[in-house]
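# Overview (structure and organization)
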Amino acid sequence: MLMDAESERNFLDFSCYVIIAAAVAVYITLHFLPSAYGRYASRAFGILIPARIAWFLQDLPAVIIPLYIFFNCEHTQLHLINYILLGLFLASYIQRALVYPILIKGGKPMPSIPFLGALAYNCLNGYVQSRYLTRFAYYVPMEIISVHFLAGLVMFVLGIGINWQSDAILRGLRSPLSRGSVEVEATSANSIGRVFDQDLGVDGAGPGGPMPTNHTSASRTPVGQSAGAGYKIPYGGMFEFVSCANFFGEIVEWWGFAMASWSLPALTHAIFTTANLVPRALQHHQDYLNKFREDYPQNRAAVIPFVL
């Protein structure tokens, strides 16, 4: 090891404070600047990287670094909780790095500046979470039935389930069956959504934002002319309550992880996730309201049901 236990613990604590400071900066910045990827992507934020490659590369360090640390670095005595928490963290990022990029449909390229920011964060956070859990986190065996661990575990599973389901609903908006120039009535909680033609000419990708679909319409558009982008209102799951259901799921997921871990590193990750997603959710929600006006469900919050 390059650092003794005391030095590395101090470095971990310092890294946590850096992440919290970065969370404050990100939260403030995103209230004045649009999110730099997905439907807001622009060359002003750097070279454009294909969506699948960007999502894969930026999240991969949060898989590789914990695995390297687990198999190659010094451990303290690990209990079952340590393995469970590390497994939960890896399961989430394996899905983000290896599965989500494959499932993306027509994702818009990501500018290099937000890509590099996400890459740097995942490198640092992957190290902080895994090193804490393998060297410094001590849990007594009976803590596995403690209230904070069990409640956090339930929150994590619920949050990741909401996140994955919401991503699936958004992907469904791009399926051929959901395309068209007429309004598709939502008849149940499982309905995908309504389609409205908007000649906006922009694209969107990634969780949480309006998902446009390019299509042509013989009834509205002369043959050979593009009909523009059809923005759709998602329905089903937590989209019945919030505009950005997958953001909500991700926030619940990592606050559950923080509760189960009961540690500063996990808390900093939950804080950063919230600071990063809430301003973006507010922006997406306002875009929905601006585009669909009275057609948009007025009872939906932006990201926290009945609250925000």
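The structure contained in this document is the topic of the report that follows. Everything numeric here is computed off the predicted structure, so don't read it as measured data.

Our next topic: the pattern of salt bridges. Evaluation of the coordinates by the stated rule reveals six salt bridges. As a salt-bridge pair, Glu250 and Arg96 come within 2.7 Å of each other at their nearest N and O atoms. With Glu250 in helix 7 (residues 245-261) and Arg96 in helix 4 (residues 80-103), the pair connects residues that are 154 residues apart, well separated along the chain. For the pair Glu250 and Arg96, one class covers both residues: buried. Through salt bridges with shared partners, one network takes in Glu8, Glu74, Arg131 and Arg135.

The subject of this paragraph is helix 8 (residues 264-292). Helix length check: helix 8 (29 residues) gives 42 Å between terminal C-alpha atoms against 42 Å at 1.5 Å per residue, within 8%. Where helix 8 begins, the side chain of Ser263 points an oxygen toward the backbone nitrogen of Ala266, at a separation of 3.4 Å.

Mapped onto the elements of the fold, His269 is located in helix 8. According to the relative accessible area criterion, His269 is buried, its value standing at 1%. Side chain to side chain, His269 and Asn125 meet in a polar contact 3.3 Å long. With residues up to four places along the chain from it excluded, the contact list for His269 reads Phe89, Tyr93, Tyr121, Asn125, Gln129 and Trp254.

A few words on the packing of aromatic side chains. In the structure shown here, the tally under the stated rule is 16 aromatic pairs. Between the aromatic rings of Phe89 and Tyr93, the centroid separation amounts to 4.9 Å while the plane-to-plane angle is 40 degrees, which identifies the pairing as tilted. Here Phe89 pairs with Tyr93, and both are found in helix 4, just four residues apart, close to one helical turn. Under the relative-accessibility criterion, Phe89 is labelled buried at 0%. Judged by its relative accessible area of 2%, Tyr93 is buried. Judged by centre distance (4.1 Å) and plane angle (15 degrees), the ring pair of Tyr121 and Phe272 falls under stacked. Remark: Phe272 occurs in helix 8 and Tyr121 occurs in helix 5 (residues 112-136); sequence separation between them is 151 residues. Taken individually, Tyr121 and Phe272 each receive the classification buried, so the pair is uniform in this respect. An aromatic cluster of at least three residues, connected via ring pairs, comprises Phe89, Tyr93, Phe156, Trp254 and Phe257. Here the guanidinium or amino end of Arg300 rests over the ring plane of Tyr235, the centre of that ring lying 4.9 Å away.

Criteria and thresholds
Residues numbered from 1 in each chain as written. Predicted model: local features only at pLDDT ≥ 70, side-chain atom pairs only at ≥ 80, totals over all residues. Heavy atoms only, no water. Salt bridge = Lys/Arg side-chain N within 4 Å of Asp/Glu carboxyl O. Helix = DSSP H or I, 4+ residues; strand = E, 2+ residues; numbered from the N terminus. Buried < 20%, exposed > 50% of the residue type's maximum accessible area, 1.4 Å probe, protein only. Expected span 1.5 Å × (residues − 1). Polar contact = N/O pair within 3.5 Å; in protein donor to acceptor, adjacent residues only side chain to side chain. Contact = heavy atoms within 4.5 Å. Phe/Tyr/Trp six-rings, centres within 6.5 Å; stacked < 30°, edge-to-face > 60°. Lys NZ or Arg CZ within 6 Å of the ring centre and 35° of its normal.

Honestly, it's all geometry; don't read function into it.
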